[in-house]
Amino acid sequence: MANVSNIPASLERAGGRIAVAGRLVSRYGLVVVLAWIGAGKYVKMESRVLIEHSPLLSWLYDFLSYRTVANALGSMEIIAAVFIAVYLLWPRVSAIGSALAVMLFLGTLSFLFTTPGVVDTFADGFPVLSAQPGQFLLKDLVLIGVALWTLGDSLEVARRKRVNNAPPNG
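Considerations on the environment of Leu64
Argument step 1. As for its position among the elements, Leu64 is in the loop between helix H3 (48-52) and helix H4 (66-85).
Argument step 2. Relative accessible area serves as the criterion here: at 38%, Leu64 is assigned to the partly exposed category.
Argument step 3. Between the C-alpha atom of Leu64 and that of Val157, which follows or precedes it by 93 residues, the distance is 39 Å.

Structure follows, in structure tokens:
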């Protein structure tokens, strides 16, 4: 039977492997979330009400149909997911996908401030978010953090590749 006092030391030794697993799950979890949400826009436009109330995006409906806007957003989310996924082969392309994801999440986060019904009630002066759309939108705080991390990581790997493959000065 393992000694309970050795558990913290064992966990500390596993820290690097756990961090690698966390990075893998974060990057490719972001890929799955973006692709899934993007594909969903082709069958259901859940962001119509959000966009209608957005000063940043509502003007799109003056020129484009709801379906066209949904398809365009879905396509951008899927493209971002595919670009982020090719990190090991093309880190610069992955950085482009991450930058696109950051822009998409910034747009989504702006809905927290423009969409009616985000705050359901107040408890002792503290705003309580509604399940839809409030809590639904709040998850994008974490997603934008992951997208920023994948952007920085991809840029750093691209820089290292460029420096390592640079011709020698002579």
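Focus on the layout of surface pockets
Argument step 1. Empty space within the largest pocket amounts to approximately 420 Å³.
Argument step 2. Leu73, Glu77, Leu104, Thr108 and Phe111 are, among the 26 residues lining the largest pocket, the residues nearest its centre.
Argument step 3. Mapped by element, the contributors of at least two residues to the lining of the largest pocket are helix H2 (15-40), H3, H4, helix H5 (91-114) and helix H6 (131-138).
Argument step 4. Looking at the lining of the largest pocket, the element that brings in the most residues is H5, giving 7 residues.
Argument step 5. A breakdown of the residues in the lining of the largest pocket according to their chemical character gives 18 nonpolar, 3 polar and 5 charged.

Quick notes on the packing of H2 against H4
Argument step 1. At a minimum axis separation of 7 Å, H2 and H4 run at an interaxial angle of 160°. Here H2 lies roughly antiparallel to H4, going by the angle between them. The crossing of H2 and H4 is left-handed. Across from Arg27, Tyr28, Leu30, Val31, Leu34, Ala35, Ile37, Gly38 and Ala39 in H2, the residues of H4 making contact are Gly74, Glu77, Ile78, Ala80, Ala81, Ile84 and Ala85.
Argument step 2. Of the residues that constitute the contact of H2 with H4, the class distribution is 12 nonpolar, 2 polar and 2 charged.

What to know about the pairing of strand E2 (residues 126-129)
Argument step 1. Both strand E1 (residues 119-123) and E2 contribute to a ladder of 4 bridges, which runs antiparallel. Looking at E2, one finds that Val119 is bridged to Leu129.
Argument step 2. A loop of 2 residues connects E1 with E2, the two strands running antiparallel in sequence, and Asp124 in this loop sits at a positive phi of about 55°.

A few points about H4
Argument step 1. Taking 1.5 Å of rise per residue, 20 residues should cover 28 Å, and H4 covers 29 Å from first to last C-alpha, within 8% of that figure.
Argument step 2. Within H4, burial applies to Val69, Ala70, Leu73, Gly74, Glu77, Ala80, Ala81 and Ile84. Seen end-on, H4 carries its buried residues on one side only, within an arc spanning 130°.
Argument step 3. Buried residues in H4 make contact with H2, H3 and H5.

Here we look at a nonpolar patch on the surface
Argument step 1. Taken together, the side chains of Ile7, Leu11 and Ile18 define a hydrophobic patch exposed on the protein surface, amounting to about 290 Å² of accessible area.
Argument step 2. A relative accessible area of 53% places Leu11 in the exposed class.

Focus: the nonpolar core
Argument step 1. Counting residues in each nonpolar core, the largest one holds 26 residues, and the members touching the most others are Leu30, Leu34, Ala101 and Phe105.
Argument step 2. Among the secondary structure elements, those contributing two or more residues to this core are H2, H3, H4, H5 and helix H7 (140-165).
Argument step 3. The biggest single contributor to this core is H5, with 8 residues.
Argument step 4. Apart from the residues within four sequence positions on either side, Leu34 is in contact with Glu77, Ile78, Ala80, Ala81, Ile84, Ala101 and Phe105.

Calculation rules
All residue numbers here refer to positions counted from 1 along the written sequence of the relevant chain. It should be noted that, the model being predicted, local features are given only for residues of pLDDT at least 70 and side-chain atom pairs only at 80 or more, the latter also being counted only at that level, while totals for whole chains, interfaces and linings use all residues. By convention in this description, side-chain values take in all heavy atoms of the structure and omit both hydrogens and water. Strands are runs of DSSP state E lasting at least 2 residues, helices are runs of H or I lasting at least 4, and numbering of each runs from the N terminus. Whether a residue is buried, partly exposed or exposed follows from its accessible area with a 1.4 Å probe, protein chains only, as a fraction of its type maximum: under 20%, in between, or over 50%, in that order. Grid spacing is 1 Å over the protein atoms alone, the probe is 1.4 Å, and a cavity is where that probe fits but cannot get out, while a pocket is an open set with protein on both sides within 12 Å along at least five of seven lines and lining residues have an atom within 4 Å of a point. Grid points are joined across faces, edges and corners, and a volume is the space filled by probe spheres set on the points. In this classification, the charged set is Asp, Glu, Lys and Arg, the nonpolar set is Ala, Val, Leu, Ile, Met, Phe, Trp, Tyr, Cys and Pro, and all remaining amino acids, among them Gly, are polar. Axes here refer to lines fitted to C-alpha atoms; in helices the fit is confined to the stretch in contact. Angles between the N-to-C directions go from 0 to 180 degrees. Geometric relationships in this document are graded by angle, where less than 35 degrees denotes roughly parallel, more than 145 denotes roughly antiparallel, 65 to 115 denotes roughly perpendicular, and other angles denote oblique. By the definition used in this description, the sense in which the near helix is turned from the far one sets the handedness, with an anticlockwise turn below a right angle giving left-handed and a clockwise turn giving right-handed. Whether two residues touch is decided by their heavy atoms; if any such pair falls within 4.5 Å, the residues are in contact. When DSSP finds two or more bridges between a pair of strands, those strands are recorded as paired. Helix span, as expected, comes to 1.5 Å for every residue beyond the first. For this quantity, the arc is that covered by the directions from the helix axis to the C-beta atoms. Patch membership requires over 30% relative accessible area and the absence of a salt bridge. Like charges are linked within 9 Å, and nonpolar side chains (Val, Leu, Ile, Met, Phe, Trp, Tyr) within 5 Å. The Shrake-Rupley method, run with a 1.4 Å probe, gives the accessible areas here. Residue values count only the displayed protein chains as cover. In what follows, salt bridge is the name for a side-chain nitrogen of Lys or Arg lying within 4 Å of a carboxyl oxygen of Asp or Glu. Here, nonpolar core means buried Ala, Val, Leu, Ile, Met, Phe, Trp, Tyr and Cys residues that are tied together by side-chain atoms lying within 4.5 Å of each other.

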